[in-house]
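# Structural overview for review
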Amino acid sequence: MVKQRRKYDDSSKQESVNLCRQTEILVIAVAEELDICKDLLYRRIKKAEQEEKNGSASKETNKEVARLQNESAETKLGRDI
């Protein structure tokens, strides 16, 4: 008999990651409590860490792009006068 895969929404995934981060309970214990595989929980944690890392880098990149666009606009305005 084939075991049917369970699907989880994003909020439950985030909640499981937060539970591991905010408590001192081991990941294995959290996985058992939520009735999910410990490897799945480790993957969720790793993915969340990567997204946070990439998210902070993209915020810095967006700020830099906005600064350069403003600088370029000021330069064009000064050149046109």
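Just above sits the structure.
Residues numbered from 1 in each chain as written. Predicted model: local features only at pLDDT ≥ 70, side-chain atom pairs only at ≥ 80, totals over all residues. Heavy atoms only, no water.

## Focus on the nonpolar core
In terms of nonpolar packing, the biggest core is built from 9 residues, these being V17, C20, V27, V30, A31, I36, L41, I45 and A48. Beyond its immediate stretch of four places on either side in the chain, V30 contacts S16, L19, C20, I25 and L41. (Core = buried A, V, L, I, M, F, W, Y, C linked by side-chain atoms within 4.5 Å. Buried < 20%, exposed > 50% of the residue type's maximum accessible area, 1.4 Å probe, protein only. Contact = heavy atoms within 4.5 Å.)

## Concerning the packing of helix α1 (residues 10–22) against helix α2 (residues 27–34)
Following both chains from N to C, one finds α1 and α2 inclined at 145 degrees, their axes separated by 10 Å at the closest point. Note on packing geometry: the crossing formed by α1 with α2 is right-handed. Residues S16, L19 and C20 of α1 lie in contact with α2, whose contacting residues are V27, V30 and L34. Across the contact of α1 with α2, the residue classes tally to 5 nonpolar, 1 polar and no charged. (Axes fitted to C-alpha atoms, helices over the stretch in contact; angles between N-to-C directions. Helix = DSSP H or I, 4+ residues; strand = E, 2+ residues; numbered from the N terminus. Left-handed = near helix turned anticlockwise from the far one by under 90°. Nonpolar A, V, L, I, M, F, W, Y, C, P; charged D, E, K, R; others polar.)

## Some remarks on a nonpolar patch on the surface
On the surface, L26, I28 and Y42 cluster together into a nonpolar patch covering about 310 Å² of accessible area. Relative to the helices and strands, Y42 is located in helix α3 (residues 38–80). (Patch = residues over 30% accessible without salt bridge, like charges linked within 9 Å, V, L, I, M, F, W, Y side chains within 5 Å. Areas by Shrake-Rupley, 256 points an atom, 1.4 Å probe, with all protein chains shown as cover. Salt bridge = Lys/Arg side-chain N within 4 Å of Asp/Glu carboxyl O.)

## Digging into the layout of surface pockets
For the largest pocket, the calculated volume is near 650 Å³. Those elements giving two or more residues to the lining of the largest pocket turn out to be α1 and α3. In terms of residues, the lining of the largest pocket owes the most to one element, α3, which gives 6 residues. (1 Å grid on protein atoms, 1.4 Å probe; cavity = no way out; pocket = protein on both sides within 12 Å on 5 of 7 lines; lining within 4 Å. Points joined across faces, edges and corners; volume = space filled by probe spheres on them.)

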